[in-house]
Amino acid sequence: MSFANYMMNFGILAGFYAGAMVLLRPVLLRLFTAQQRVILWWACVGMLYLPSTAKLVGQTHLFFPHLQLPVHLAQLVTNQTWQESVDVWPGPYYVDLDQWIKPLYLNIFYGGGALLIVLWLTYQTVQANKLRYLGVEIPKDDPCFQRTKCDFVNEIYVVEGIQTSFVDGFDNIFLQKISSPQRMYQILLHEAEHVQLRHVYIKFVFSTLLLMHWWNPLLWLGFRYLLRDMELACDSAVLEKLNPAERIEYTKTLVELGCGRQLWTQPLCFGECDAEIRVKAALKWKPQGMWLRWGRFAMMAVVIWFFHG
């Protein structure tokens, strides 16, 4: 069996799970907050590749058999017309691509696409890292730095001329230089929330999935929604820290600066995507009560169990 055949079968399964998240999105938008949806993306799709996931599910079935759901995702997506195989995990999803394409050509096709993405990601990462030499570093004892109350931020740089502020893969924040100190601080809060919520690492995991399964459009679509949820989650976290007058200013900042270009690669940026959606969400934002929060976490457990049950 060729390496490309093996990896593309993994991609078939990941595409099923990402597609299920996309189909459920209208329901998820009503039931969960943006950050909870980010967690669901990680738990339902990203954890497919962790050996501990299968082990945990198996142990739960063993010790708590009554928790088994009447139906779960694997039962719904299994195509009985496909060849069963015990050699490739998970058997019911196996498609023998080597029967259709010579293994050599299949490996060249798969490896060539992955190599192009690696080169693209490397170029974008190098370009982002060059900005630290063009910017002015804010010392950690600066009051603006201290007000973020995020211990995980590494360095903060103010760079003139960049299109949008962003976080790189090393928890460094790059701020675009604008005239209003208040708005710069609000943008800094937003980027610090990316670091605080560990979005950099979640995005790295899903970028790796795209590298391994670059040919699957469902994963690209799912990644697009994940980025949107990350930006909405940070907006919500910032609004929770601001007073009503500051929330109005933050919404104005979204209107003026939240229209930056899409960054699919390493950074997470303030103008990542969907300025109109983010503004509407900010205008409708309101704090959630404790009971509602815990109720949503209980429903999250059910959704995760549906995906991995």
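Residues numbered from 1 in each chain as written. Predicted model: local features only at pLDDT ≥ 70, side-chain atom pairs only at ≥ 80, totals over all residues. Heavy atoms only, no water.

Summing up the model confidence of the protein chain, the mean pLDDT is 79 and the portion of residues at 70 or higher is 80%. A low-confidence stretch, residues 80–92 (pLDDT under 50), is modelled with 24 contacts involving residues beyond four sequence positions or located in other chains. (pLDDT = per-residue confidence, 0-100. Contact = heavy atoms within 4.5 Å.)

In an α-helix there are 3.6 residues to a turn, and that puts residues three or four apart on one side. The end-to-end C-alpha distance of helix α8 (residues 181–196), which contains 16 residues, comes to 22 Å, matching closely the 22 Å that a straight helix rising 1.5 Å per residue would cover. α8 sits mainly inside the fold: 13 of its 16 residues count as buried. (Helix = DSSP H or I, 4+ residues; strand = E, 2+ residues; numbered from the N terminus. Expected span 1.5 Å × (residues − 1). Buried < 20%, exposed > 50% of the residue type's maximum accessible area, 1.4 Å probe, protein only.)

Note on aromatic pairs: each is described by the distance of the centres and the angle between the planes. Taken as a whole, this structure holds seven aromatic pairs when the rule is applied. Arranged with centres 6.1 Å apart and planes meeting at 55°, the rings of W294 and F297 form a pair that is tilted. With W294 and F297 both in helix α13 (residues 290–308), this residue pair falls three residues apart, about one helical turn. A relative accessible area of 35% means that F297 is categorised as partly exposed. Taken together, the aromatic side chains of Y17, F306 and F307 make up a single cluster linked through ring pairs. If you follow R198 out to its NZ or CZ, it ends over the ring of F152, 3.7 Å from the centre. (Phe/Tyr/Trp six-rings, centres within 6.5 Å; stacked < 30°, edge-to-face > 60°. Lys NZ or Arg CZ within 6 Å of the ring centre and 35° of its normal.)

By secondary structure assignment, the location of P217 is in helix α10 (residues 217–241). P217 sits in the exposed class, given a relative accessible area of 60%.

Where α8 meets helix α11 (residues 244–257), the axes come as close as 10 Å, and the angle between the chain directions of the two elements is 85°. Judged by the inter-axis angle, α8 sits roughly perpendicular to α11. For the pair α8 and α11, contact is made by Q182, R183, Q186, I187 and H190 and by E246, E249, Y250, K252, T253, E256 and L257, respectively. (Axes fitted to C-alpha atoms, helices over the stretch in contact; angles between N-to-C directions. Parallel < 35°, antiparallel > 145°, perpendicular 65-115°, else oblique.)

Further remarks concern the pattern of salt bridges. Counting across every chain of the model gives seven salt bridges. In this structure, the salt-bridge partner of E249 is R183, at a minimum N-O distance of 3.5 Å. Of this pair, E249 sits in helix α11 while R183 sits in helix α8, placing them 66 residues apart in sequence. Taking the relative accessible area as the measure of exposure, E249 reaches 22% and is therefore partly exposed. Assessed through its relative accessible area of 13%, R183 is described here as buried. Ionic pairing is found between E193 and K241, a salt bridge with its closest N-O pair at 2.5 Å. One end of the pair, E193, is in helix α8; the other, K241, is in helix α10, and 48 residues separate them in sequence. (Salt bridge = Lys/Arg side-chain N within 4 Å of Asp/Glu carboxyl O.)

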